[in-house]
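Chain and residue survey
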2 protein chains.
Amino acid sequence: MKTATASAPSNIAFIKYWGAIDLDQVRPANASISMTLSECRSLTTVTFEPEVTSADEIALRDESGRPTTLSDAFRRGIERHLARIRERHQLVGRFSVITQNNFPAQAGLASSASGFAALAVAASSAANLEVDDIELSHLARISGSGSASRSVLGGFVEWPAGEDDASGYAKVLAPAEHWPLSDVIAIVETAGKEVSSRDGHRRAPSSPHFATRQALLPDRLDRVRAAIQERNLDDLGSVLELEAIELHLIAMSSQPAIFYWKPATLEVLAAVRRLRREGLSAWATMDAGANVHVICPSAQEAKVAEALAQVPGVLQVLRDRVGNGPQWHTDALP
Amino acid sequence: MKTATASAPSNIAFIKYWGAIDLDQVRPANASISMTLSECRSLTTVTFEPEVTSADEIALRDESGRPTTLSDAFRRGIERHLARIRERHQLVGRFSVITQNNFPAQAGLASSASGFAALAVAASSAANLEVDDIELSHLARISGSGSASRSVLGGFVEWPAGEDDASGYAKVLAPAEHWPLSDVIAIVETAGKEVSSRDGHRRAPSSPHFATRQALLPDRLDRVRAAIQERNLDDLGSVLELEAIELHLIAMSSQPAIFYWKPATLEVLAAVRRLRREGLSAWATMDAGANVHVICPSAQEAKVAEALAQVPGVLQVLRDRVGNGPQWHTDALP
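Conventions we followed
- Residues numbered from 1 in each chain as written.
- Chains lettered and ligands numbered in written order.
- Predicted model: local features only at pLDDT ≥ 70, side-chain atom pairs only at ≥ 80, totals over all residues.
- Heavy atoms only, no water.
- Least-squares fit on C-alpha atoms with pLDDT ≥ 70 in both.
- Contact = heavy atoms within 4.5 Å.
- Pairing = 2+ DSSP bridges.
- Helix = DSSP H or I, 4+ residues; strand = E, 2+ residues; numbered from the N terminus.
- Axes fitted to C-alpha atoms, helices over the stretch in contact; angles between N-to-C directions.
- Salt bridge = Lys/Arg side-chain N within 4 Å of Asp/Glu carboxyl O.
- Buried area = accessible area lost by both parts, 1.4 Å probe.
- Polar contact = N/O pair within 3.5 Å; in protein donor to acceptor, adjacent residues only side chain to side chain.
- Nonpolar A, V, L, I, M, F, W, Y, C, P; charged D, E, K, R; others polar.
- 1 Å grid on protein atoms, 1.4 Å probe; cavity = no way out; pocket = protein on both sides within 12 Å on 5 of 7 lines; lining within 4 Å.
- Points joined across faces, edges and corners; volume = space filled by probe spheres on them.
- Buried < 20%, exposed > 50% of the residue type's maximum accessible area, 1.4 Å probe, protein only.
- Core = buried A, V, L, I, M, F, W, Y, C linked by side-chain atoms within 4.5 Å.

1. Here we look at the relation of the copies chain A and chain B
- When chain A is brought onto chain B, the operation consists of a screw motion whose angular component is 180° and whose axial shift is 0.0 Å, with 0.0 Å RMSD remaining. Such values leave the two copies arranged in the relation of a two-fold axis. The position closest to the rotation axis in chain A is occupied by the C-alpha of Pro263(A), lying 1.9 Å away.
- With an isologous cut-off of 70% or more, the 100% of interface residues of chain A that recur at the interface of chain B puts this contact in the isologous class.

This is the structure we're talking about:
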């Protein structure tokens, strides 16, 4: 019996994963590129008892450490993850999992990327598996949350299109030290979204504009890779914004249509355009939700955060920045 | 010297004109279909003095009849209109124009459709021209406002794609009596928009999704024609909403991007979806702006208006319905 504790950060995608070739195998229609964050993290303790065959135990703590209720979707994802670790590594044994986010659940931030990345790291260690980054990214991905495959790595990360299962793991484009960028997150919605990302991925190909998006992405991916290489935020930012808008254009033109934006989303987008007119290099992006992530040089993080806090409808502003990926922790969650 | 006074209504497009083959000749990239309204009107008095060659006179009145300032764009449009009437009909003479809208200028509703339609009717009458509906639609169109070509006709109206100048006039698909529909207009913005429709038309083809839109439109036009024929509001409504969303998707993905929506636009769109869940047949559409037009059976107009007035950010609710097009008036504007 061994216990391991690890944390992993969330990430913010510059080029979005939206639409899957195979949703069960988490094979995305297109490659995505993200920046791994530093502050918004999931902390996970896993104990593995070899040869024990009773059911796995899964517990969730809220951000102050109190036990809280696990959603069915999150529970199923963890169960799938643990089943696939056993299957891939021919294990017999029982996992006990305790997981906790350091960001408030009601902040409306996706915790699946950080949660499944932390789980992959802690569970494989508890089971004494010799796994490299490739296998960690695989394990994180096959739990059902594609973006988790990027959160096992630090810095600027690319996850390729899902041509087959074997190539389905993320790679580092540049380490965190390469470019000190911040992600200032304007929280405008705290309730869960009406349509899950999973349903969004499923519906995406029903948009008449999906095929055009796929055709545009190779050029956009090249531009983002080059902008990261050259640390060119104007180039990165302009792709970032059109890419974020396009995810929502695809969602709004899916059948049936999906509307993730809230009124305050538009307030924040307008505020970011104002900040640029005032000389800041602030660029908006959004996941499949109403909150807005504003990417800027870390030297401008405080100014951007202050400005976003004044925007009508912004409930909370989180400040985060590029980070190094998972970490080991010596203290297990109680 | 003869004076004529006419009024013409605004119209709301079910299939949008967005993007031109030739903006100066007002040759649209695609056919559009609209419903001519009844209440929101422009009233125009035109005097024509044959053989007088001094400059035309143009005056604007606000909705309470007081002289008010004409925008440069509106003045240029009227001048172009009058020059083209003279050119097409080989006239020599001087026009004096007084025009007034019965809806508040600050309501944020486009007055070019009703304004240029009323001008075409009054000016051609003052000049003693024998014009039919085809020529009226032509005259309204070539003033520079494409949608004006639809407002010279009542009921449900189609304006074809601009293959050439000669075919560029609108036709009635069904008269107003055919289908008693209302348009409940939720005003959420009163300031002029930052990017004009003209610039929007110009930029539309720069959207990577414009070509897909063009490919989708023939089927959508068929569905709208059939829905009008069969008085099927569920069919019409579903096309109406995706078409309105798509105009804004094209705008938001144009280069540079155009954002017409305001936060309250999203509030109204969400409210309309709620109204449908509550059993009303209410469907949203938008022009190139932030205000939302809600199409419903006239029997539900009062209920829809009452509900929209409660939506946060709605400044005013106007109630309008399908109407018969231009009217003659005996009293000239003073």
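2. Some points on the sheet that holds strand E13 (residues 316-321) of chain A
Residue and element names in this part refer to chain A.
- Strand order in the open sheet formed by four strands is E11-E12-E10-E13, with antiparallel pairing between adjacent strands. This sheet does not close on itself; its edge strands, each paired only once, are strand E11 (283-285) and E13. Neighbour to neighbour, the strand axes of the sheet diverge by 25° on average, direction disregarded.
- Across six bridges, the pairing between strand E10 (residues 181-187) and E13 is antiparallel. Of the residues in E13, the one forming a bridge with Ile 187 is Gln 316.
- Packed onto the sheet, helix H7 (residues 233-252) meets E10, E11 and strand E12 (292-297) and runs at close to 35° relative to E11.

3. A word on the pattern of salt bridges
Residue and element names in this part refer to chain A.
- Under the definition given, this model contains 44 salt bridges over all chains.
- The shortest N-O distance in the salt bridge between Glu 241 and Arg 276 comes to 2.9 Å. Taken as a pair, Glu 241 in helix H7 and Arg 276 in helix H8 (residues 263-277) lie far apart in primary sequence, 35 residues in all.
- In the salt-bridge network here, residues are joined through shared partners; they are Glu 39, Glu 301, Arg 319 and Arg 321.

4. A short note on the interface of chain A and chain B
- The interface is formed by 17 residues belonging to chain A together with 17 residues belonging to chain B.
- Overall, the association of chain A and chain B removes approximately 1,700 Å² of surface from exposure, summing both partners, and the carbon and sulfur fraction of that is 77%.
- Where chain A touches chain B, the interface holds zero salt bridges.
- Seen at the junction of chain A and chain B, the total is four residue pairs in polar contact (both at pLDDT 80 or more).
- Secondary structure elements with two or more residues in the side of chain A that touches chain B: helix H6 (210-230), H7 and H8 of chain A.
- A breakdown of the residues in the side of chain A that touches chain B according to their chemical character gives nine nonpolar, three polar and five charged.

5. Considering empty space enclosed by the protein
Residues and elements named next belong to chain A.
- Tallying each qualifying case throughout the model produces two cavities of 30 Å³ or more.
- Its boundaries defined by the atoms lining it, the largest cavity holds a volume of some 70 Å³.
- Among the secondary structure elements, those contributing two or more residues to the lining of the largest cavity are H7, H8 and E11.
- Partitioned by chemical class, the residues of the lining of the largest cavity number six nonpolar, one polar and two charged.
- The computed volume of the second largest cavity comes to approximately 40 Å³.
- Taken together, Thr 44, Phe 74, Ile 78, Val 97, Thr 99, Gly 115, Phe 116 and Leu 119 make up the full set of residues lining the second largest cavity.
- Where the lining of the second largest cavity is concerned, the elements lending two or more residues are helix H1 (72-88), strand E7 (93-101) and helix H2 (112-126).
- It is H2 that contributes the most residues to the lining of the second largest cavity, three residues altogether.
- Residues belonging to the lining of the second largest cavity are distributed by class as follows: five nonpolar, three polar and no charged.

6. Comments concerning the pairing of E12(A)
Residues and elements named next belong to chain A.
- Extensive coverage of E12 is indicated by the burial of five of its six residues.
- Sheet topology note: the E10/E12 ladder contains six bridges and is antiparallel. What sits directly across from Ala 186, in E12, is Val 292.
- Alignment of E11 against E12, held across three bridges, turns out to be antiparallel. Paired with Ala 284 across the bridge in E12 is Val 294.

7. Describing helix H3 (residues 133-142) of chain A
Residue and element names in this part refer to chain A.
- Counting buried residues in H3 gives eight out of 10 residues, a clear majority hidden from the surface.
- Inspection of H3 places Glu 135, Leu 136, Ser 137, His 138, Leu 139, Ala 140, Arg 141 and Ile 142 among the buried residues, and these make up the whole buried set.
- Buried residues along H3 sit in contact with strand E3 (27-28), H1, H2, helix H4 (148-151) and strand E8 (156-159).

8. Some thoughts on unusual backbone geometry
- Gln255(A) connects to Pro256(A) through a cis peptide bond whose omega is -5°.
- As for its position among the elements, Pro256(A) is in the loop between H7 and H8.
- Despite not being glycine, Gln90(A) shows a phi value in the positive range, around 45°.
- The phi dihedral of Val26(B) falls on the positive side, at around 50°, and the residue is not glycine.

9. Notes on the nonpolar core
- In this structure, Leu308(A) and Leu308(B) are the most contacted members of the largest nonpolar core, which totals 56 residues.
- Residues within four places of Leu308(B) in sequence aside, it is in contact with Val184(B), Ala186(B), Val268(B), Val272(B), Leu275(B), Val294(B), Val314(B) and Val317(B).

10. Quick word on the environment of Ile12(B)
All names here are of chain B.
- Here Ile 12 is to be found in strand E1 (residues 2-15).
- According to the relative accessible area criterion, Ile 12 is buried, its value standing at 0%.
- Residues Ile 12 and Met 286 lie 274 residues apart in sequence; the distance between their C-alpha atoms is 8.4 Å.
- Ile 12 has contacts with Ser 34, Met 35, Leu 37, Asp 183, Thr 285, Asp 287, His 293 and Ile 295, leaving out every residue within four places of it along the chain.

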